[in-house]
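Architecture at a glance
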Amino acid sequence: MSRTGWILTLGALIVAAGIGYWLSGHLPGGEVSRGANGQPVVSTGTPQIGGPFALVNQDGQPVTQDSFDGKYLLIYFGFTYCPDVCPTDLAKMAAAMDALGEDAEKVQPIFITIDPERDTPEQMKLYIEQFDPRLVGLTGTPDQIATAAQAYRAQYDKVKDPGAAGGYTMEHTPYIYFMSPDNEFLTFFVGTSVTPEDMAKAIKAKME
Ligand code: NI
């Protein structure tokens, strides 16, 4: 299956199965049962999404989850050589920031690469500037990236692609995570299906 197909299928699967099921069935901290109508019911638990990370930003400076001045974090994992999904999702994040109006000042949008081999700080800087000046781009060693992605349950895979730079492309989950200033998971969006307006609305609803 093509990379795009893989992502769309995954996204469609999640939407079809219900977000509650995904959170409880695929993440620790929740239990799933079946209601009378066969629909999954989440009985307990808060999804364990997020955790410490140690990366470098587009200026080569060290950054952790606590480097953002008490802001809410809007986090997306992808890679700069992504032909279609990442550019679309990052543009949506930028549009959601615009739709937030003054509340955007409380939100830090972050793009974390899952392709550190090609995505140097310099490459990240060139890339994020195309989307939004507020965006921060993070990279690191393969181990640092793996730790960050694992904390957020973001998945990725290197796939041969003779036509691409370096002879490979990356498959990855298209989730946009919204975290509290205390790094608590608040909600997530499927980048491939959410609209910027809906994202901004959900973000505002989660802000206290
Ligand atoms: Ni992508």
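Worth saying up front: this structure is predicted, and the values here are computed from it rather than measured. In this numbering scheme, every chain counts its residues from 1 along its sequence in written order. Under the rules for a predicted model, residues below a pLDDT of 70 receive no local features and side-chain atom pairs below 80 are neither given nor counted, while totals for whole chains, interfaces and linings still include all residues. Hydrogens are left out, water is left out, and the side-chain values use all remaining heavy atoms of the structure.

**A closer look at the overall build of the protein chain**
Labels follow the DSSP assignment, with helices taken as runs of H or I lasting at least four residues and strands as runs of E lasting at least two, numbered in each case from the N terminus. Along the protein chain, the regular secondary structure elements total six helices and eleven strands. Burial classes: relative accessible area under 20% of the type maximum marks a residue as buried, over 50% as exposed, and values in between as partly exposed (1.4 Å probe, protein chains only). Evaluated residue by residue, the protein chain yields a buried proportion of 46% over its 208 residues. If you take every contact in the protein chain between residues at least 6 apart in sequence, the share linking residues at least 24 apart comes to 66%. Contacts: residue pairs with any heavy atoms within 4.5 Å of one another.

**Digging into the pairing of strand S6 (residues 107–113)**
Among the seven residues in S6, seven count as buried, and that is most of the element. Burial of the side chains of S6 extends over both faces: Val-107, Pro-109, Phe-111 and Thr-113 are buried on one face and Gln-108, Ile-110 and Ile-112 on the other. Two strands make a pair as long as DSSP finds a minimum of two bridges between them. As defined by bridge partners, strand S5 (residues 72–78) adjoins S6 across seven bridges and the pair is classed as parallel. Looking across to S6, one finds that Phe-77 is bridged to Ile-112. Crossover handedness is defined by viewing with both strands directed away from the observer: a clockwise path from the first strand over the helix to the second marks the crossover as right-handed. As a crossover connection, the stretch from S5 through helix H3 (residues 85–99) into S6 is right-handed. As judged from the three bridges shared by S6 and strand S7 (residues 136–138), these two strands associate in the parallel manner. By the bridge assignment for S7, Ile-110 is matched with Val-136.

**Considering the sheet that holds S5**
Sheet architecture is open: five strands sit in the order S7-S6-S5-S10-S11, paired in mixed fashion. Unpaired on one side and paired on the other, S7 and strand S11 (185–190) mark the two borders of the sheet. Adjacent strand axes in the sheet meet at a mean angle of 25°, parallel and antiparallel pairs treated alike. Where helices are involved, their axes are fitted lines through C-alpha atoms of the stretch in contact, as for all axes, and angles between N-to-C directions lie from 0 to 180°. The sheet strands contacting helix H6 (residues 196–206) are S5, S6, strand S10 (175–179) and S11, and the helix crosses S11 at an angle near 175°.

**Some thoughts on the confidence of the model for the protein chain**
Per-residue pLDDT for the protein chain has a mean of 85; in total, 77% of the residues score no lower than 70. Contacts from residues 6–32, a stretch scored under 50 in pLDDT, to residues over four places away or in other chains number 55 contacts. What pLDDT expresses is the predictor's confidence in each residue, scored from 0 to 100.

**Topic: the packing of H3 against H6**
Where H3 meets H6, the axes come as close as 8 Å, and the angle between the chain directions of the two elements is 55°. Taken together, the axis directions place H3 and H6 in an arrangement best described as oblique. Viewed along their axes, H3 and H6 form a crossing whose handedness is right-handed. From H3, Lys-92, Met-93, Ala-95, Ala-96 and Ala-99 reach across to H6, where they touch Pro-196, Met-199, Ala-200 and Lys-204. For classification purposes, angles smaller than 35 degrees are called roughly parallel, those larger than 145 roughly antiparallel, those between 65 and 115 roughly perpendicular, and all remaining angles oblique. In this scheme, a crossing is called left-handed if the near helix is turned counterclockwise away from the far one by less than a right angle; it is called right-handed if the turn is clockwise.

**What about the nonpolar core?**
Among the nonpolar cores identified, the biggest contains 54 residues, and Phe-77 and Tyr-177 are the most heavily contacted of them. The contacts of Phe-77, once residues within four sequence positions are left out, are Phe-111, Ile-112, Ile-114, Ala-148, Ala-149, Tyr-152, Ala-154, His-172, Thr-173, Tyr-175 and Tyr-177. In plain words, nonpolar cores are sets of buried Ala, Val, Leu, Ile, Met, Phe, Trp, Tyr and Cys residues tied together by side-chain atoms within 4.5 Å.

**Concerning the side chain of Gln-58**
Looking at the secondary structure, you find Gln-58 in the loop between strand S3 (54–56) and strand S4 (62–64). By relative accessible area, which is 14% here, Gln-58 ends up buried. Not counting residues up to four positions away in its chain, the partners in contact with Gln-58 are Pro-121, Glu-122, Met-124, Lys-125, Ile-128, Leu-135, Val-136 and Gly-137.

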